[in-house]
Amino acid sequence: MRLNIYLTGVGGQGLITFASVLGQAAVDSGLRALVAETHGLSQRGGAVDVHVRIGDVDSPLIPKGGADIVVAFELIEALRSLPFTNRTTVLIVNRRLIPPPILKVKLPKPELIEAEVKGRVARAYFINAYDYAVKIGNPVFENMVMLGALHALSRVSEVISVESIEGAIVKVIGKAVSENLKAFRLGRSIASSVS
């Protein structure tokens, strides 16, 4: 068994914490897990990519076209992730559009991004994770909303239990554990109503 999960977003969205929780949950489930991050000016809102490989894997980086699942924390980053996808990839996208730090850049319309993404993968799901995190009390929880959606909408649930992920949240995240657990559970519950 092998599962390649490519994460993409911008600095400050919690991708590395997301990957740490997922990797810990995989290890706690008796699986091999490799996590590798590649990022530019992530602390300044630059692009962040994290490769999570679970199961029978020997190298940390997912090859182009090799992602089973892509989790995009932002709409433009969903477009940027397309080289890692193939016709069987499941794509889970946060419907958040963050303007790049470059001034006077014309942003694409969200509906055009969604249409482009849907045409390139087996299934694409769009989540308003940021809005749900704000309702919990802080946008910082958007990563755990996305983790809940990942678990509910992909093969991850076949190899890693809810209990293992919740246990990993407790181990990895030192602050606001109850809010992070709530965000994860919310992500799982809203996944049934996304398209």
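Residues numbered from 1 in each chain as written. Predicted model: local features only at pLDDT ≥ 70, side-chain atom pairs only at ≥ 80, totals over all residues. Heavy atoms only, no water.

**What to know about the overall build of the protein**
Reasoning step 1: When you go through the protein residue by residue, the secondary structure sums to eight helices and six strands.
Reasoning step 2: Along its sequence from the N terminus, the protein presents helices and strands in the succession β-α-β-β-β-α-β-α-β-α-α-α-α-α.
Reasoning step 3: Taking 16 Å as the expected radius of gyration for a compact globule of 195 residues, we find that the protein reaches 15 Å, a close match to that expectation.
Reasoning step 4: Overall size of the protein, expressed as C-alpha extent along the three principal axes, is 45 × 35 × 35 Å. (Helix = DSSP H or I, 4+ residues; strand = E, 2+ residues; numbered from the N terminus. Rg over C-alpha atoms; globule rule 2.2 N^0.38 Å.)

**Section: helix H4 (residues 129-136)**
Reasoning step 1: Taken as a whole, H4 has its buried residues at Ala129, Ala133 and Ile136. Looking straight down H4, one finds its buried side chains confined to an arc of 55°; they lie on one side.
Reasoning step 2: Its buried side turned inward, H4 meets strand E5 (90-94), strand E6 (123-127), helix H5 (142-153) and helix H8 (177-190).
Reasoning step 3: In the stretch just after H4, glycine 137 is the one whose phi turns positive, near 135°. (Buried < 20%, exposed > 50% of the residue type's maximum accessible area, 1.4 Å probe, protein only. Arc of directions from axis to C-beta. Contact = heavy atoms within 4.5 Å.)

**Description of the environment of glycine 46**
Reasoning step 1: Along the chain, glycine 46 turns up in the loop between strand E2 (33-39) and strand E3 (47-55).
Reasoning step 2: Between the alpha carbons of glycine 46 and valine 134 there is a distance of 22 Å; along the sequence they are 88 residues apart.

**Side note on helix H3 (residues 110-118)**
Counting along an α-helix, one turn takes 3.6 residues, and residues three or four places apart therefore face a common direction.
Reasoning step 1: Listed as buried for H3 are Ile113, Glu114 and Val117. Summarising the axial view, the buried residues of H3 lie within an arc of 100°, below the 170-degree limit, and thus occupy one face. Within H3, the exposed residues directed more than 90 degrees away from the buried face are Glu111, Leu112 and Ala115.
Reasoning step 2: Its buried side turned inward, H3 meets helix H2 (75-80), E5 and E6.

**Some thoughts on the pattern of salt bridges**
A side chain with one charge can pair with a side chain of the opposite charge if their charged atoms come near.
Reasoning step 1: Within this structure, the stated rule accounts for seven salt bridges.
Reasoning step 2: Through salt bridges with shared partners, a single network forms among Asp49, Glu77 and Arg80. (Salt bridge = Lys/Arg side-chain N within 4 Å of Asp/Glu carboxyl O.)

**Looking at the pairing of strand E4 (residues 69-72)**
Reasoning step 1: The alternating pattern of E4 places Ile69 and Val71 on one face and Val70 and Ala72 on the opposite face, and all of these are buried.
Reasoning step 2: As paired elements, strand E1 (residues 2-10) and E4 share four bridges and run parallel to each other. Note that in E4 the partner of threonine 8 across the bridge is alanine 72.
Reasoning step 3: The pairing of E4 with E5 spans four bridges and is parallel. Opposite valine 71, over in E5, you have isoleucine 92 as the bridge partner.
Reasoning step 4: With respect to chirality, the unit in which E4 leads through H2 into the neighbouring parallel E5 is right-handed. (Pairing = 2+ DSSP bridges. Right-handed = clockwise from strand over helix to strand, strands pointing away.)

**Here we look at the nonpolar core**
Reasoning step 1: With 44 residues, the main nonpolar core has Ile5, Leu22 and Ile92 as its most contacted residues.
Reasoning step 2: Setting aside anything within four residues of it in sequence, one finds isoleucine 92 in contact with Ile69, Val70, Val71, Ala72, Tyr125, Ile127, Met146, Ala149, Leu150 and Leu153.
Reasoning step 3: Val70, Ala72, Val93 and Val117 belong to the second largest nonpolar core, which has 15 residues in total. (Core = buried A, V, L, I, M, F, W, Y, C linked by side-chain atoms within 4.5 Å.)

**A word on the packing of helix H7 (residues 162-172) against H8**
Reasoning step 1: Closest axis-to-axis distance for the H7/H8 pair is 9 Å, and the angle between their directions is 150°. With respect to each other, H7 and H8 are oriented roughly antiparallel. Taken as a pair, H7 and H8 cross one another with a handedness that is right-handed. Here Val162, Ile165, Glu166, Ile169 and Val170 of H7 come into contact with H8, specifically with Val177, Asn180, Leu181, Phe184, Arg185 and Arg188.
Reasoning step 2: For the contact of H7 with H8, the per-class residue count stands at seven nonpolar, one polar and three charged. (Axes fitted to C-alpha atoms, helices over the stretch in contact; angles between N-to-C directions. Parallel < 35°, antiparallel > 145°, perpendicular 65-115°, else oblique. Left-handed = near helix turned anticlockwise from the far one by under 90°. Nonpolar A, V, L, I, M, F, W, Y, C, P; charged D, E, K, R; others polar.)

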